[in-house]
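# Notes for the structure review
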Amino acid sequence: YRRPVTVPPGNVWVAGLHQPSNVPGLTYELRPGAIAEAKDAKGARVVVNAHGMRGPELVEPKGARTLRIAVLGDSVAFGFGVEQDAMFTARLAAKFGALSDRAHEYEVLDFAVTGYSSREEAAVLEAKALPLAPDVIVVAYYLNDPDFGPVNALRMAFHRTEAWERSELLRLLAQKKDQMERARLGGGDYYRWLHAPETDEWKSVPEAFARMHALADARHLKVVLAIFPTFA
């Protein structure tokens, strides 16, 4: 629990495909132009375009008939463990492209990054998606999106280690405290705890959605919220 992570030299998933981010609210992001077979992503081949998105390069400048769909999300929308053409964003683009009577040329821009929470997705919308002039925004919400803590190896790798995290005893005490809170607010269930109204984790979600709404509304953009199930 919260053990500091040392990234081994040549690590593809962390150091090859990700990098520290200068965007306020983000600690890491995909590395533009990276291409790798990622063992940590179950061996899937990951190709990152020049804008730091998993997917093809954008058509620049944006054409008058082009309709851009910006997808925000975490590992589900990123396509963790699946090949590039199997991502739902890739299939969505192919489905639109196959329409014989389409009124637009469609581009689906996948801004998803593994481990991102709702509030990080709001930061991505403002700093990365809106400058590329999307016409529709899709928020791919997964049930762990309230969790903004350094709870997985990728987050821990870019997380600035706090002093108490270097002590096994203090980490153990922190873990017990966390388990007690989950038992009290979520009956021991991780997802129920994340969505308990009292938690800071849940409170971050309506705050992030309100920020997304304000950003989109100012530009007269529609936002689609797609809630994905979990089978854990």
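Above this text sits the structure in question.
These notes cover the structure that comes with them.

What counts, and at which threshold
Residues numbered from 1 in each chain as written. Predicted model: local features only at pLDDT ≥ 70, side-chain atom pairs only at ≥ 80, totals over all residues. Heavy atoms only, no water. Salt bridge = Lys/Arg side-chain N within 4 Å of Asp/Glu carboxyl O. Helix = DSSP H or I, 4+ residues; strand = E, 2+ residues; numbered from the N terminus. Buried < 20%, exposed > 50% of the residue type's maximum accessible area, 1.4 Å probe, protein only. Pairing = 2+ DSSP bridges. Axes fitted to C-alpha atoms, helices over the stretch in contact; angles between N-to-C directions. Contact = heavy atoms within 4.5 Å.

## A look at the pattern of salt bridges
In this structure the tally under the stated criterion is twelve salt bridges. In this structure, K62 and D135 form a salt bridge, with 2.8 Å as the shortest nitrogen-oxygen distance. With K62 in the loop between β4 (44-47) and β5 (66-72) and D135 in the loop between α4 (118-129) and β7 (136-142), this pair connects stretches of sequence that are 73 residues apart. Relative accessible area serves as the criterion here: at 28%, K62 is assigned to the partly exposed category. Note that E126 and R211 form a salt bridge whose closest N and O atoms lie 2.5 Å from each other. Linking E126 in helix α4 with R211 in helix α8 (residues 200-217), this pair joins segments that are 85 residues apart in sequence. For R211, a relative accessible area of 33% puts it in the partly exposed group.

## Some words on unusual backbone geometry
For the bond from E60 to P61, the omega torsion is -5 degrees, close enough to zero to count as cis. Here P61 lies in the loop between β4 and β5. The phi dihedral of R2 is positive, around 55 degrees, even though this residue is not glycine. By the secondary structure assignment, R2 is in the segment before α1 (12-16). Overall, the relative accessible area of 18% leaves R2 in the buried class. A positive phi angle is found at H220, which is not glycine, with a value near 55 degrees.

## Here we look at the sheet that holds strand β6 (residues 105-110)
Spatially, β6-β5-β7-β8 is the arrangement adopted by the four strands of the open sheet, whose pairing is parallel. Looking at strand neighbours, the two that pair on one side only are β6 and β8 (222-228), the edges of this open sheet. Taken pair by pair, the neighbouring strands of this sheet meet at an average axis angle of 20 degrees, ignoring direction. Across the sheet, α8 lies against β5, β7 and β8, angled at about 175 degrees from β7, the strand it touches most.

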